[in-house]
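Listed below are the residues making up each chain.
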Amino acid sequence: MDITSAREQALAQAREQALDAAEELFYARGIQTVGMDDIRGASGVSLKRLYQLFPAKELLVEAYLERRDIRWRRRLAEHVDRCTEPEPRILAVFDWLRLWFGEPDFRGCAWINSYGELGATSPRVTVQVRAHKKAFRDYLGGLVTDAGLPDSLADQVYLLAEGAMVTAGITREAAAAGHAATAAAALISSVRHADRPDATATGPAGAATDGDGPEDGVLGSAGGVLRPPRR
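Here the structure is a predicted model, which means the values were calculated and not measured.

Calculation rules
- Residues numbered from 1 in each chain as written.
- Predicted model: local features only at pLDDT ≥ 70, side-chain atom pairs only at ≥ 80, totals over all residues.
- Heavy atoms only, no water.
- Helix = DSSP H or I, 4+ residues; strand = E, 2+ residues; numbered from the N terminus.
- Buried < 20%, exposed > 50% of the residue type's maximum accessible area, 1.4 Å probe, protein only.
- Contact = heavy atoms within 4.5 Å.
- Areas by Shrake-Rupley, 256 points an atom, 1.4 Å probe, with all protein chains shown as cover.
- Core = buried A, V, L, I, M, F, W, Y, C linked by side-chain atoms within 4.5 Å.
- Salt bridge = Lys/Arg side-chain N within 4 Å of Asp/Glu carboxyl O.
- pLDDT = per-residue confidence, 0-100.
- Axes fitted to C-alpha atoms, helices over the stretch in contact; angles between N-to-C directions.
- Parallel < 35°, antiparallel > 145°, perpendicular 65-115°, else oblique.
- Nonpolar A, V, L, I, M, F, W, Y, C, P; charged D, E, K, R; others polar.
- Polar contact = N/O pair within 3.5 Å; in protein donor to acceptor, adjacent residues only side chain to side chain.
- Left-handed = near helix turned anticlockwise from the far one by under 90°.

Undergrad: Is there a simple way to explain the overall build of the protein chain in this structure?
TA: The number of helices and strands found in the protein chain is nine helices and two strands. Burial analysis of the protein chain (231 residues in total) assigns 39% to the buried set. The contacts of the protein chain with a sequence gap of at least 6 include a subset with a gap of at least 24, amounting to 62%. A total accessible area of about 12,800 Å² is found for the protein chain, and carbon and sulfur atoms account for 55% of it.

As structure tokens, this is what we get:
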């Protein structure tokens, strides 16, 4: 191995050590409470080498979020790919969220947390957060399309997943994923029902509408009639 290759290997190793330390500290304690000296102490990388790799802390945060995004989405996809039927693959997302929420070191969504701390002042962080969320939404869109469901459903499933992340991050309870999964299943069932040929003769849950037409209620997003309360 020549000198140049040895130097590049040493830099790559130091970079991974720094990112490992940054990910652990940023996620557990928050970005603003962790200084570069903390990263140095946890990683074993000298401060000089650390600033050589990341001249500004913002660049370290950006690299941390970028690397975590790759790992997070890969883990999710690997779990969902265990399902072969299109529709259960959508609900498998929530099963994976439940497992993630139940991990001992779970502290909420790293991107939501990062945006809350630095979104107003760091364009780099904002770009990373929006890219991650868009990639997640697009992934859900693919699952929804594969199941033969309208793309608009992906937005609803996405909001359920995001809401579960926020709730679990606050409560530290994995049950939020189960509640969101139940709501997602109800949405899917509602859309499937609305697509049935006899859907106009029945309400969203299959109950007869007693001959009342849409003018007697408000059309729901899935096409069912939301009846006004009886007085």
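Undergrad: Explanation requested: the nonpolar core in the structure shown.
TA: Residues Phe 26, Ile 39, Trp 72, Leu 97, Trp 100, Phe 101 and Phe 136 are the most contacted members of the largest nonpolar core, which totals 59 residues. Looking at this core, the elements with two or more residues in it are helix H1 (3–29), helix H2 (36–43), helix H4 (57–80), helix H5 (86–101), helix H6 (110–118), helix H7 (123–146), helix H8 (152–171) and helix H9 (175–194). Setting aside residues no more than four positions away along its own chain, Ile 39 makes contact with Ala 18, Ala 21, Ala 22, Leu 25, Phe 26, Val 34, Gly 44, Leu 50 and Leu 60.

Undergrad: Would you mind showing me how to read the pattern of salt bridges here?
TA: Oppositely charged side chains are able to pair whenever their charged atoms sit close together. A complete count under the given rule lists 17 salt bridges for this structure. Residue Arg 40 is joined to Asp 37 by a salt bridge in which the shortest nitrogen-to-oxygen separation is 2.8 Å. Separated by three residues within a single helix, Arg 40 and Asp 37 lie in helix H2, roughly one turn from each other. The exposure class assigned to Arg 40 is partly exposed, which follows from its relative accessible area of 32%.

Undergrad: What is the right way to look at the confidence of the model for the protein chain in this model?
TA: Parts of the model with low pLDDT should not have their predicted coordinates read in detail. Per-residue confidence for the protein chain averages 88 on the pLDDT scale, and 84% of its residues sit at or above 70. Predicted confidence for residues 201–231 stays below pLDDT 50, and this span has 30 contacts to residues more than four positions away or in other chains.

Undergrad: Sorry, what's going on with the packing of H5 against H9 here?
TA: The description of two helices packed together rests on the angle between their axes and the distance between the axes. Packing of H5 against H9 brings their axes to within 9 Å, and their N-to-C directions diverge by 170°. With respect to each other, H5 and H9 are oriented roughly antiparallel. Here H5 contributes Glu 87, Ile 90, Leu 91, Phe 94, Leu 97, Arg 98 and Phe 101 to the contact with H9, which in turn contributes Ala 177, Ala 180, Ala 181, Ala 184, Ala 185, Ile 188 and Arg 192. The class makeup of the residues in the contact of H5 with H9 is eleven nonpolar, no polar and three charged.

Undergrad: Sorry, what's going on with the side chain of Arg 68 here?
TA: Looking at where Arg 68 falls in the secondary structure, it is placed in helix H4. Apart from the residues lying within four places of it in its own chain, the contact partners of Arg 68 are Glu 23, Tyr 27, Trp 100, Ala 110 and Trp 111.

Undergrad: Would you mind going over unusual backbone geometry with me for this structure?
TA: Generally, phi is negative for residues other than glycine and the peptide bonds are trans, each holding for most cases. The phi torsion at Arg 172 lies on the positive side, around 60°, for a residue other than glycine. Following the sequence through the fold, Arg 172 ends up in the loop between H8 and H9. Among the residues examined, Arg 172 registers a relative accessible area of 44% and is labelled partly exposed.

Undergrad: What should I look at first to understand the side chain of Ser 122 in this one?
TA: Turning to its location among the elements, Ser 122 is positioned in the loop between H6 and H7. Side chain to side chain, Ser 122 and Glu 58 meet in a polar contact 2.4 Å long.

Undergrad: It is not clear to me how the environment of Leu 187 should be interpreted in this structure. Could you clarify?
TA: Inspection of the secondary structure puts Leu 187 in helix H9. Residue Leu 187 is classed as partly exposed on the basis of its relative accessible area of 23%. Ignoring any residue separated from it by four or fewer positions in sequence, one finds Leu 187 in contact with Leu 153, Gln 156 and Leu 160.

Undergrad: Mind showing me how you'd approach the packing of H7 against H8 here?
TA: Contact geometry of H7 with H8 gives a least axis separation of 9 Å together with a crossing angle of 130°. With respect to each other, H7 and H8 are oriented oblique. Note on packing geometry: the crossing formed by H7 with H8 is right-handed. Contact residues: H7 offers Lys 133, Phe 136, Arg 137, Leu 140, Gly 141 and Val 144, while H8 offers Leu 153, Ala 154, Asp 155, Val 157, Tyr 158, Ala 161, Glu 162 and Met 165. A per-class count over the contact of H7 with H8 returns nine nonpolar, one polar and four charged.

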